Amino acid sequence: GSYYNVVSMGVGGGLTGDRDAAIFFGGSRALMRTAPSSLVTIQSADYSLEAILAFTQTSLANILAIRQDPNASILGWFGVNQGGSLSTIAWTNGTGVAIQGQVLKSPQSYGDGAFHHAVAVYRVQSSFGNLFVDGIFVDSKTVPGLTDAASPLAVHVGQDISSLRPFRGTIDEVAVYPFALSSA
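The paragraphs below set out a description of the structure included in this document. (Residues numbered from 1 in each chain as written. Predicted model: local features only at pLDDT ≥ 70, side-chain atom pairs only at ≥ 80, totals over all residues. Heavy atoms only, no water.)

1. Here's the deal with the overall build of the protein
For the protein, the count of helices and strands is zero helices and 14 strands. In the protein, the succession of helices and strands from N to C terminus is β-β-β-β-β-β-β-β-β-β-β-β-β-β. Put simply, the protein has 184 residues, and 48% of those count as buried. Intrachain contacts of the protein at a sequence separation of at least 6 include 67% that bridge at least 24 residues. (Helix = DSSP H or I, 4+ residues; strand = E, 2+ residues; numbered from the N terminus. Buried < 20%, exposed > 50% of the residue type's maximum accessible area, 1.4 Å probe, protein only. Contact = heavy atoms within 4.5 Å.)

The structure is reproduced here in structure tokens:
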């Protein structure tokens, strides 16, 4: 991918013994962006979004945004809410538009500076989503209209291309999977 603005590569990550390093995003338009790629595809009945992250901010921030091309509407989103809780928005009829009651959200803040493992799991056939943080279930919702997304997909990490919601913290092991992960 391409890196922009205040990004520090090679910082300590969230997995003990992992040889690859994490990336620190300093807010203020810092982002990593991939071009649409066949390596990022979601055309299955289920999919998952995953990130290991550490932050202290309590304002809206983008962790991961997924689009069909770098300038298209957001199809899926993983981020920080006001107060430091985590949330995710699913593909809904291919639009990623947040419909009231369909946003998965943690009930508590994770903006404590420690690394946390966040996973959103969507099951398209049953129109159901689950959110896990550190292997613990934190939210679930029925998501009517949940659909798979056309491929290939572009991924934005750290801040969305719109210059809104800058993330300040460390992100490690970001992944988009074309299947449902377990809670562990």
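More follows now that the structure is in view.
2. Notes on the packing of aromatic side chains
Across all of its chains, the model carries two aromatic pairs by this definition. Arranged with centres 6.1 Å apart and planes meeting at 70°, the rings of Phe132 and Phe137 form a pair that is edge-to-face. Its relative accessible area of 45% is what places Phe137 among the partly exposed residues. (Phe/Tyr/Trp six-rings, centres within 6.5 Å; stacked < 30°, edge-to-face > 60°.)

3. Things to note about the nonpolar core
Core analysis: the biggest nonpolar cluster contains 28 residues, and Leu53, Ile63, Leu64, Leu86 and Phe167 have the highest contact counts within it. Among the elements of the structure, strand S3 (22-26), strand S5 (46-55), strand S6 (61-67), strand S7 (74-80), strand S10 (116-123), strand S11 (128-133), strand S13 (154-157) and strand S14 (168-177) are those that each provide at least two residues to this core. For this core, the element with the most residues is S5, which contributes five residues. Contacts of Phe167, omitting those with residues within four sequence positions, involve Phe25, Gly26, Gly27, Leu53, Ala54, Phe55, Gln57, Ala61, Asn62, Ile63, Val80 and Gly158. (Core = buried A, V, L, I, M, F, W, Y, C linked by side-chain atoms within 4.5 Å.)

4. Remarks on the pairing of S5
S5 sits mainly inside the fold: 10 of its 10 residues count as buried. Covered by surrounding structure in S5 are Asp46, Ser48, Glu50, Ile52 and Ala54 together with Tyr47, Leu49, Ala51, Leu53 and Phe55, the residues of both alternating faces. Relative to S14, S5 is paired through seven bridges, and the arrangement is antiparallel. Residue pairing across strands places Ile52 opposite Asp172, the latter belonging to S14. (Pairing = 2+ DSSP bridges.)

5. What to know about the side chain of Asn130
With respect to the helices and strands, the residue Asn130 is situated in strand S11. Not counting the four nearest positions on each side in its chain, Asn130 is found in contact with Leu104, Val119, Ala120, Val121, Phe137, Asp139 and Ser140.

6. A word on the pattern of salt bridges
A full pass over the atoms with the stated rule returns one salt bridge. Two residues, Asp139 and Lys141, come together in a salt bridge whose shortest N-O distance is 3.1 Å. (Salt bridge = Lys/Arg side-chain N within 4 Å of Asp/Glu carboxyl O.)

7. A look at the environment of Tyr122
You can see Tyr122 is positioned in strand S10. A C-alpha to C-alpha distance of 9.2 Å links Tyr122 and Leu181, two positions 59 residues apart in sequence. Only 3.3 Å separates the side chain of Tyr122 from the side chain of Thr88, close enough to count as a polar contact. (Polar contact = N/O pair within 3.5 Å; in protein donor to acceptor, adjacent residues only side chain to side chain.)

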